[in-house]
Amino acid sequence: MADKSRRSFLESVAVGWTIFTGASVAGLAACVRFMFPNDLFEPPTQFKIGPPEDFAEGVDERFKDLNSIWVVKDTDKIVVLSTVCTHLGCTPNWLSADLKFKCPCHGSGFYSTGINFEGPAPRPLERFKVGLAPDGQILVDKTRKFQQELGQWSDPDSFLPV
Ligand code: FES
């Protein structure tokens, strides 16, 4: 009888230790996982996009998906527009046949200059800082924005003369 009771006690201790060890290992694993958070890919905020000669007049969409910008060249300058609609933040599409950006969410329209002309968007698209890097490539800096309605499009950093 005492033998059976002793065996039962030892089995209980073994089960307890097994549960305790399992919980400890799980907790340790959670701590180790906490030390190595998931990598988040953030595109750079400053980057080169090639020399001005690589851009034809009009809207260049090559950097829309990766960098969320349009590069727009006209007869005397290059500007870099944000692809964020100034209504509620959707991404408009460039409709080359209509020569306008059209937002799929609520229908706002913007000229290639970024100026809004239809729909609920309350103001033009924003420009990012643009300049020339020492190697002659266009350098975009998304840490600085320029808003037309604040008179910031006359800032020499908001366009690149060509
Ligand atoms: S988010 Fe573009 S029109 Fe509403």
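Nothing here was measured: the structure is a model prediction, and the numbers come from that model.

> Any chance you could explain the packing of aromatic side chains here in plain terms?
Two measures describe an aromatic ring pair: the distance that separates the ring centres and the angle between the ring planes. One pass over the full model with this rule turns up four aromatic pairs. Ring geometry for Trp-70 versus Phe-101: centroids 4.2 Å apart, planes at 35 degrees, classification tilted. With a gap of 31 residues between them, Trp-70 in strand β3 (residues 69–73) and Phe-101 in strand β6 (residues 100–102) connect regions that are remote in the sequence. For Trp-70, a relative accessible area of 0% gives the class buried. Judged by centre distance (4.7 Å) and plane angle (55 degrees), the ring pair of Trp-94 and Phe-101 falls under tilted. For Trp-94, a relative accessible area of 13% puts it in the buried group.

> How should the nonpolar core be read in this particular structure?
Considering soluble globular proteins, one finds that nonpolar side chains tend to be buried as a cluster. With 13 residues, the main nonpolar core has Ile-49, Ile-69, Val-71, Ile-138 and Val-140 as its most contacted residues. Counting residues per element, the ones that place at least two in this core are β3, β4 (77–82), β9 (127–132) and β10 (138–146). If near-sequence neighbours (up to four positions away) are discounted, Ile-69 is found in contact with Phe-47, Phe-63, Lys-64, Val-80, Leu-81, Thr-83, Phe-128, Val-140 and Lys-142. Listed in part, the twelve residues of the second largest apolar core include Trp-70, Cys-85, Cys-103 and Leu-125.

> Help me out: how do you make sense of the state of the cysteines in this one?
What we call a disulfide is simply a covalent bond connecting the sulfur atoms of a pair of cysteines. According to the stated counting rule, one finds one disulfide in the structure shown. The disulfide bridge from Cys-90 ends at Cys-105, spanning 1.9 Å between sulfur atoms. The S-S bond linking Cys-90 to Cys-105 shows a torsion near -90 degrees; that makes this disulfide left-handed. Taken as a pair, Cys-90 in the loop between β4 and β5 (93–95) and Cys-105 in the loop between β6 and β7 (109–111) lie far apart in primary sequence, 15 residues in all. Cys-105 sits in the partly exposed class, given a relative accessible area of 37%.

> Help me understand the pattern of salt bridges in this model?
Pairing of side chains with opposite charge becomes possible as their charged atoms draw close. Tallied over the full model, the rule gives eleven salt bridges. Asp-60 is paired through a salt bridge with Arg-62; the nearest N and O atoms lie 2.8 Å apart. With a closest N to O distance of 2.9 Å, Glu-118 and Lys-102 form a salt bridge. Here the residue Glu-118 occupies a position in strand β8 (residues 116–118), and Lys-102 occupies one in strand β6, the gap between them amounting to 16 residues. For Glu-118, a relative accessible area of 24% gives the class partly exposed. Given a relative accessible area of 25%, Lys-102 falls into the partly exposed group.

> Is there a simple way to think about unusual backbone geometry in this case?
Even without a glycine there, the phi angle at Ser-68 is positive, about 60 degrees. Structurally, Ser-68 can be placed in the loop between α2 (64–67) and β3. Relative accessible area serves as the criterion here: at 28%, Ser-68 is assigned to the partly exposed category. The backbone phi angle of Leu-99 is positive, close to 55 degrees, even though this residue is not glycine. Structurally, Leu-99 is set in the loop between β5 and β6.

Cut-off values and rules
Residues numbered from 1 in each chain as written. Predicted model: local features only at pLDDT ≥ 70, side-chain atom pairs only at ≥ 80, totals over all residues. Heavy atoms only, no water. Phe/Tyr/Trp six-rings, centres within 6.5 Å; stacked < 30°, edge-to-face > 60°. Helix = DSSP H or I, 4+ residues; strand = E, 2+ residues; numbered from the N terminus. Buried < 20%, exposed > 50% of the residue type's maximum accessible area, 1.4 Å probe, protein only. Core = buried A, V, L, I, M, F, W, Y, C linked by side-chain atoms within 4.5 Å. Contact = heavy atoms within 4.5 Å. Disulfide = S-S within 2.5 Å. Salt bridge = Lys/Arg side-chain N within 4 Å of Asp/Glu carboxyl O.

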